[in-house]
Amino acid sequence: MGSMGNLLVKSEATPSADRLTRISRQIGENTQILTEGLHARGLSAPSYEAEGPPDFPLTGSDAKTLKARQQVLSLTKELRDLVLGPREALKLMALDIVNYVPLHAIYTFRIAEAVPQTGSISYEDLARQVLKVSGYKIPASELRRVLRLAMANNLFCEPELGHVAHNCTSLVMLEDEALASWVGLYTVDLFLPVGNTVTAMQKWPGSEDLTETAVNISYSHRDTFFHHTQSDATRAKRYDLAMRAHGSREGFDVVHTVESYPWAKLASATVVDMGGNEGHVSMAIAEEFPSLSFEVQDLPGMRCEKTLGEVPAHLANRVKLTTHDFFDEQTTVAGAYFFRHIFHAFPDKVVVRILKKLVPALRQGARVIINDVVLPAPGSVSLMEERTFRLLDVLMKTVCNGREREVGDWKTLFEEADARFAWQGAWKSSGNLWFVEAVWDDDGGEKMAPWPLNP
Ligand SMILES: C[S@@+](CC[C@H](N)C(=O)[O-])C[C@H]1O[C@@H](n2cnc3c(N)ncnc32)[C@H](O)[C@@H]1O
């Protein structure tokens, strides 16, 4: 019971000692489902061995298996915390910040590159290799202390005393540049801002200004996070690669965007993909829905010959990459305006401003389609899911005074932007992102019959 939520779930008045057994039995039952799934597909269990699979093997499975996995993840945390006891669990939660030091060191000193892909290396030789690949002269004793903490978190291993080797997790950092950049983004770029979030809340309570954030305090400037990121080539590249890793996180894959909206109902419309980056989302939808056309708008900095040339020839007449700043008035008249992963990075008043800028181009029946996070009601989803979205919500506060939103918050944004936006609702059928939609009704919003959308 407790696993499905937190605040709304009433705790037992005096929980019986059997509670622990009950949770562990549920863990056992759900683990059994996973084991059967592995057997049925002839797969072995995940492990930390260097040759082990870098991803849990059943991620693309049926709903029952996926739910069992979510249950195991939530219940094991619950059992762990209960067995620790609240006092000790709290101490460990606070102490957890130290676990980021090895991650930071591994990224900065390029330790994954310095350790040989097979076999092992002594700490002294590792110090020499680190100097070679990263230029940093770090004593063996310091590498040892950070790496031994990393190993206590199942990152690298020490097969023979005094010798470091890769395991499956550390190899991922070597082989997956996007994931390594994800680690870099959080440890190099965001560690200070995370630490300054409360200071920003004290300095600018409730601010909706993009330049009154923990990033501004940490880096002593009044630029937006976006400009801060773009102002340094290394940082910009790290951010772009990290976003790729984010896009491939479970539940955030573009396949959910393609499958969860009834795109065919837009017939032969043009969809303007606002802040559509290099067009990867539009291209994925265009592949599946051959009657649709896309105009992918983004800032000039996102356009160069290389990216323009990356639209495959068979899509070139239906997917156009153009430049447009969404703070300027929209000039393209289209059937739909699509915002994926855009608005959570902006405070409410800025989102309203962006929506208003669409108005000159909107014609009767034009759609605004948002594909973004919708916050669950507290306690309505598993603790794992809840934590994913609450983390993103607080992170948005840290970097840009943006926020994740509940369904009612999205509706309010449209109401504040213009009464002619007729609310169509919000839904999610797969993945982590929801669809939120409004239709432009020149006659005044409310009278427009809702489109029968929920697929
Ligand atoms: C988080 S990415 C989302 C990209 C894409 N929609 C997706 O779902 O993968 C945000 C995008 O918004 C773009 N962007 C930021 N500010 C913008 C602006 N003022 N006008 C147009 N695009 C902007 C960025 O360049 C970036 O490509």
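Residues numbered from 1 in each chain as written. Predicted model: local features only at pLDDT ≥ 70, side-chain atom pairs only at ≥ 80, totals over all residues. Heavy atoms only, no water.

## A word on the packing of helix H1 (residues 18-40) against helix H2 (residues 63-84)
To keep things clear, this is the line we draw: What counts as an axis is a line fitted to C-alpha atoms, over the stretch in contact for a helix, and the angles between N-to-C directions run from 0 to 180 degrees. Helix and strand labels come from DSSP, where a helix needs a run of H or I of at least four residues and a strand needs a run of E of at least two; each type is numbered from the N terminus. Roughly parallel means an angle under 35 degrees; roughly antiparallel means over 145; roughly perpendicular covers 65 to 115; every other angle is labelled oblique. Crossings are classed by handedness, with left-handed meaning an anticlockwise turn of the near helix from the far one by less than a right angle and right-handed meaning a clockwise turn. Here, two residues are considered to be in contact whenever any of their heavy atoms come within 4.5 Å of each other.
At a closest axis distance of 8 Å, the pairing of H1 and H2 adopts a crossing angle of 150°. One finds that H1 runs roughly antiparallel with respect to H2. When you trace H1 past H2, the crossing you get is left-handed. Facing Arg19, Leu20, Ile23, Ser24, Gln26, Ile27, Asn30, Thr31, Ile33 and Leu34 of H1, the residues of H2 in contact are Lys64, Thr65, Ala68, Arg69, Gln71, Val72, Leu75, Thr76, Glu78, Leu79, Leu82 and Val83.

## Structural notes on the side chain of Arg405
Selection criterion: Using a 1.4 Å probe on the protein chains alone, a residue whose accessible area is under 20% of its type maximum counts as buried, one over 50% counts as exposed, and one in between counts as partly exposed. Pairs of N or O atoms are called polar contacts if they sit within 3.5 Å, as long as, within protein, a hydrogen donor faces a hydrogen acceptor (for residues adjacent in sequence, only side-chain-to-side-chain pairs).
Among the structural elements, Arg405 can be located in the loop between helix H19 (383-400) and helix H20 (407-417). The class for Arg405 is buried, based on a relative accessible area of 0%. In this structure the side chain of Arg405 is engaged in a polar contact, spanning 2.7 Å, whose partner is the backbone oxygen of Phe346. For Arg405, the residues in contact, after removing those within four places along its chain, are Phe343, His344, Phe346, Pro347, Asp348, Val351, Val373, Val374, Leu375, Trp410 and Leu413.

## Considerations on the nonpolar core
This is how the line gets drawn: Joining through side-chain atoms within 4.5 Å is the link that ties buried Ala, Val, Leu, Ile, Met, Phe, Trp, Tyr and Cys residues into a set, and such a set is a nonpolar core.
Counting 67 residues, the largest nonpolar core has Ile111, Leu126, Phe156, Tyr337 and Phe339 as the members making the most contacts within it. When residues of this core are assigned to their parent elements, the largest contribution, six residues, is made by helix H7 (residues 140-152). Excluding anything up to four places from it in sequence, Tyr337 contacts Val272, Met274, Gln330, Thr332, Leu358, Ala361, Leu362, Ala366, Arg367, Val368 and Ile369. With 23 residues, the next largest nonpolar core counts Trp263, Val281, Ala286 and Ala336 among its residues.

## A word on the site of the ligand
Quick reminder of the rule: Here a residue counts as near a molecule or strand whenever at least one of its heavy atoms sits within 4 Å of it. Per-residue and other accessible areas follow the Shrake-Rupley method at a 1.4 Å probe size, with only the shown protein chains counted as cover for residues. Residues are grouped as follows: nonpolar covers Ala, Val, Leu, Ile, Met, Phe, Trp, Tyr, Cys and Pro; charged covers Asp, Glu, Lys and Arg; every other residue, Gly included, is treated as polar.
The environment of the ligand is made up of 14 residues, and the closest members are Asn277, Asp298, Asp325, Phe326 and Arg340. Phe326 places a polar main-chain atom, nitrogen or oxygen, 2.9 Å from a nitrogen atom of the ligand. Between the ligand and Arg340, the relevant distance is 2.8 Å, taken from an oxygen atom to a side-chain nitrogen or oxygen of the residue. Coverage of the ligand by the protein amounts to 86% of the 590 Å² it exposes when considered alone. Here the shell around the ligand is composed, by residue class, of six nonpolar, five polar and three charged.

## A few points about the pattern of salt bridges
Applicable threshold: Criterion for a salt bridge: a side-chain nitrogen of Lys or Arg within 4 Å of a carboxyl oxygen of Asp or Glu.
In this structure the tally under the stated criterion is 17 salt bridges. Across the pair Glu113 and Arg110 runs a salt bridge, and its minimum N-O distance is 3.0 Å. Given a relative accessible area of 38%, Arg110 falls into the partly exposed group. Within the structure, one salt-bridge network assembled from shared partners comprises Asp348, Arg403, Arg405 and Asp409.

## Examining the packing of aromatic side chains
Put simply, the rule reads: Note on aromatic contacts: the rings of Phe and Tyr and the six-membered ring of Trp form a pair at centre separations within 6.5 Å, being stacked when their planes are under 30 degrees apart, edge-to-face when over 60 apart, and tilted otherwise.
This model, assessed by the stated rule, comprises 18 aromatic pairs. Taking 6.2 Å as the distance between ring centres and 80° as the angle between the ring planes, the aromatic pair formed by Trp263 and Phe435 counts as edge-to-face. Taken together, the positions of Trp263 in the loop between helix H15 (254-259) and strand S4 (270-274) and Phe435 in strand S10 (residues 434-440) put the pair 172 residues apart, joining distant regions of the chain. The buried category is assigned to Trp263, whose relative accessible area is 0%. Residue classification places Phe435 among the buried positions, given a relative accessible area of 1%.

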